[in-house]
Amino acid sequence: MLVVQKYGGTSVGTLERIRAVAERALSRQREGDRVVVVVSAMAGETNRLIALANQLHAIGRHQQQATGTDGKGWVAPVKRDDPGFERELSQLVSTGEKVSAALLAMAIQDLGGEAVSLIGHQLGLVTSGSFTNARIVSIDAANIHAMLDAGSIVVCAGFQGLDEAGNVTTLGRGGSDTSAVAMAAAISADVCEILTDVDGVFTADPRLVPSARKLERISHEEMLELASLGSKVLQIRSVEFAKKFNVPVHVRSSLHLEEGTWIVPETPDMEAVLVAGVALDRDEAKVTLTNCPDVPGTIATVFTALGERGIVVDMIIQNASREGHTDVTFTVPQAELERTREALSGLAVASQPDVEILADPKIAKISIVGVGMRTHAGVAAKAFSILAREGVNIQMVSTSEIKVSVVVDEKYGELAVRMLHAGFGLEAGATRS
Ligand code: ASP
Ligand code: MG
């Protein structure tokens, strides 16, 4: 069997942990498998490096020391739209993975195994797009196969590639997941194991819902929805890759050998369960434009202004018109709220007498996800009734084929997750096995 194992930052967070990873990879090889390992930077390292860049930038501008993170996990304020800065930022943060890859290869050698680490240009991983949010175009599989044939464990630095011009690029926060799944697809691995500090994918975040259960299997599509809904187990792009190239992904603990959760193509029996999981997203803010003129082009201007600034809008609701006017409500990442306000206040529509911009960061989005919704009616109604019984007011609703999302007051977010989790029987053993 050919396996790609990806170890996250906490799993390689200390030299002892790196040693344990080396033992695990080596024992897998000694069982007869061919093993490629993809590593993240040691825990905290990427944040440390980004903070250095931002502090330097702040000193130059006589600004306060930068703190906090933007919506994509970069420490704010990142200089945006400055290719020179972004290039060096990628150059800088990619070093974290180089360190852990080299240390892991050494640790395997220390244990008597054969290992070789590959970084940046040696990976043959070509990207396109921006420097710090690059997309994978191709991977040189032949090189990796040759090293495996020679008996090595191949240790790859995650998160990084090279663009056509030879610049070091990175794949966005959490990008080592995508490195690993893309690698698995490129070398036709039998499985991509994501070894992490949790036991798998759960029916809800176990820190919020103690009765949450580990799922044995989940479909790519459900996982895509859950990943995009703030269940931070995997970078969403890695799930897109897995779906597109049919890579079976096994999310499991790096601390023990128990099976975790398999992310696999959908099977007919999966539809028997209405809801596979409940997710909570506390990072969004709600914005309303009241009394907009109900004429063609109004919301086009609004969302074009946001799109031009790279602000990603999630839910959008426009009401039926009253006397030629309508309200538009939408959600954006909380970290983008100020930029959203700026963008809107510059628009002609905002200067009309009755138009008001209302913003509310104190919201939570709760979503239930399951392929069973496709074939079962009344799932949304049941969710609304569960929340009504608890006196939780629903502010916004959006649905897709396999998802119902509601926005509620932030203070009811956790309660809503627990009620929906219980109401759909997720704790009682109704989950898919
Ligand atoms: N080290 C990078 C990050 O923290 C990539 C990764 O860990 O997946 O985002
Ligand atoms: Mg991660």
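Residues numbered from 1 in each chain as written. Chains lettered and ligands numbered in written order. Predicted model: local features only at pLDDT ≥ 70, side-chain atom pairs only at ≥ 80, totals over all residues. Heavy atoms only, no water.

**Quick notes on the nonpolar core**
- Among the nonpolar cores identified, the biggest contains 47 residues, and Val-4, Val-36, Ile-144, Met-183, Ile-187, Cys-192 and Val-249 are the most heavily contacted of them.
- Sorting elements by how many residues they give to this core places helix α5 (residues 176-186) first, with five residues.
- The contacts of Cys-192, once residues within four sequence positions are left out, are Val-4, Ala-180, Val-181, Ala-184, Val-247, Pro-248, Val-249 and His-250.
- Among the nonpolar cores identified, the runner-up in size contains 24 residues, and Leu-280, Ile-368, Val-379 and Leu-426 belong to it. (Core = buried A, V, L, I, M, F, W, Y, C linked by side-chain atoms within 4.5 Å. Buried < 20%, exposed > 50% of the residue type's maximum accessible area, 1.4 Å probe, protein only. Helix = DSSP H or I, 4+ residues; strand = E, 2+ residues; numbered from the N terminus. Contact = heavy atoms within 4.5 Å.)

**What about the side chain of Glu-222?**
- Here Glu-222 shows up in helix α6 (residues 220-228).
- A polar atom in the side chain of Glu-222 sits 3.1 Å from the backbone nitrogen of Ser-219.
- Among the polar contacts made by the side chain of Glu-222, one reaches the main-chain amide nitrogen of Val-371 at a distance of 2.8 Å. (Polar contact = N/O pair within 3.5 Å; in protein donor to acceptor, adjacent residues only side chain to side chain.)

**Things to note about the sheet that holds strand β8 (residues 168-170)**
- Spatial ordering of the open sheet is given by β5-β4-β7-β8, a layout of four strands whose pairing is mixed. In the strand order of this sheet, the two ends are held by β5 (135-139) and β8, each with one partner. Recorded for the sheet is a direction-independent mean angle of 50° between the axes of neighbouring strands.
- Here strand β4 (residues 125-128) runs beside strand β7 (residues 160-163); their pairing, made up of two bridges, is parallel. Bridging from a neighbouring strand, Val-126 pairs with Leu-162 of β7.
- Taken strand by strand, α5 contacts β5 and β7, and its axis lies near 30° from that of β5. (Pairing = 2+ DSSP bridges. Axes fitted to C-alpha atoms, helices over the stretch in contact; angles between N-to-C directions.)

**Regarding the sheet that holds strand β13 (residues 277-281)**
- An order of β13-β18-β20-β19 is seen for the four strands of this open sheet, with the pairing classed as antiparallel. Only two strands of the sheet have a single partner each, and these edge strands are β13 and β19 (396-400). Taking the axes of each pair of neighbouring strands and ignoring which way they run, one obtains an average angle of 20° across the sheet.
- Where β13 meets strand β18 (residues 363-369), five bridges bridge the pair, whose relative direction is antiparallel. Looking across to β18, one finds that Val-278 is bridged to Ile-368.
- Along the sheet face, α6 touches β13, β18, β19 and β20 (403-409) and points at about 175° away from the line of β18.

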